[in-house]
Amino acid sequence: DPSLVLPRSVRFAGWLGLVEGGIGLIIAVVLIVREANGVHNDAVSGYGTAAWFIIFGGIVALAGWFLKDGRRWGRGPVAMTNMILVLVSVYMFSSGRIDLGLPTALVGVAGLAMLFNADAVDWAARRYDS
């Protein structure tokens, strides 16, 4: 059915989600290696935070994988991740970290634009009709 052809923007959003989730998984590995090598932080558990990054990074990476292939599941977690990135960038800006806030905001807004443009929304709506 030609109406279910995956828009390029949705495919790119899937790749973006895959990268975002992959970064989360890399952070988890770094946290585990640091904790195992004796670098401890009294305020944060390295292993516990790593578990959080494994769970959520894995979900976002899987969602991106599914989304880039045009599967039904995946749009929500990738959209939520990019919404959170936009909110985090606001915090970065308010903390005076424009150097971190600007790229974070750009990635978040780009991801949302890829998922909520007219073609992407029409594709998602048609997927639920099929």
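Throughout what follows, the structure given in this document is the object of discussion.

Parameters and conventions
- Residues numbered from 1 in each chain as written.
- Predicted model: local features only at pLDDT ≥ 70, side-chain atom pairs only at ≥ 80, totals over all residues.
- Heavy atoms only, no water.
- Helix = DSSP H or I, 4+ residues; strand = E, 2+ residues; numbered from the N terminus.
- Buried < 20%, exposed > 50% of the residue type's maximum accessible area, 1.4 Å probe, protein only.
- Contact = heavy atoms within 4.5 Å.
- Lys, Arg positive; Asp, Glu negative; His and termini not counted.
- Salt bridge = Lys/Arg side-chain N within 4 Å of Asp/Glu carboxyl O.
- Axes fitted to C-alpha atoms, helices over the stretch in contact; angles between N-to-C directions.
- Parallel < 35°, antiparallel > 145°, perpendicular 65-115°, else oblique.
- Nonpolar A, V, L, I, M, F, W, Y, C, P; charged D, E, K, R; others polar.
- 1 Å grid on protein atoms, 1.4 Å probe; cavity = no way out; pocket = protein on both sides within 12 Å on 5 of 7 lines; lining within 4 Å.
- Points joined across faces, edges and corners; volume = space filled by probe spheres on them.

Here we take up the environment of Gly-46. Turning to its location among the elements, Gly-46 is positioned in helix H2 (residues 46–68). With a relative accessible area of 7%, Gly-46 lands in the buried category. Between the alpha carbons of Gly-46 and Leu-31 there is a distance of 5.4 Å; along the sequence they are 15 residues apart. Excluding anything up to four places from it in sequence, Gly-46 contacts Leu-31 and Glu-35.

On to the side chain of Glu-35. With respect to the element layout, Glu-35 can be found in helix H1 (residues 8–36). No salt bridge is formed by the buried Glu-35, whose closest oppositely charged neighbour, Arg-34, lies at an N-O distance of 6.9 Å. Those residues in contact with Glu-35, other than ones at most four positions away along the chain, are His-40, Gly-46 and Tyr-47.

With that settled, consider the packing of helix H4 (residues 98–116) against helix H5 (residues 118–129). If you want to describe how two helices pack, look at the angle between their axes and the distance between the axes. At a minimum axis distance of 5 Å, the contact between H4 and H5 shows a crossing angle of 55°. Taken as axis vectors, H4 and H5 run oblique relative to one another. Here H4 contributes Met-114, Leu-115 and Phe-116 to the contact with H5, which in turn contributes Ala-118, Ala-120 and Val-121. Residues of the contact of H4 with H5, tallied by class, amount to six nonpolar, no polar and no charged.

Empty space left among the atoms is revealed by rolling a probe the size of a water molecule over them. Considering only enclosed or pocket space, the largest pocket measures out at about 620 Å³ in volume. Taken together, 21 residues form the lining of the largest pocket, with Glu-20, Val-60, Thr-81, Ile-84 and Leu-85 sitting closest to its centre. Looking at the lining of the largest pocket, the elements that each hand over two or more residues are H1, H2, helix H3 (75–94) and H4. Here the lining of the largest pocket gets seven residues from one element, more than from any other, and that element is H3. When the residues that make up the lining of the largest pocket are grouped by side-chain class, the tally is 15 nonpolar, five polar and one charged.

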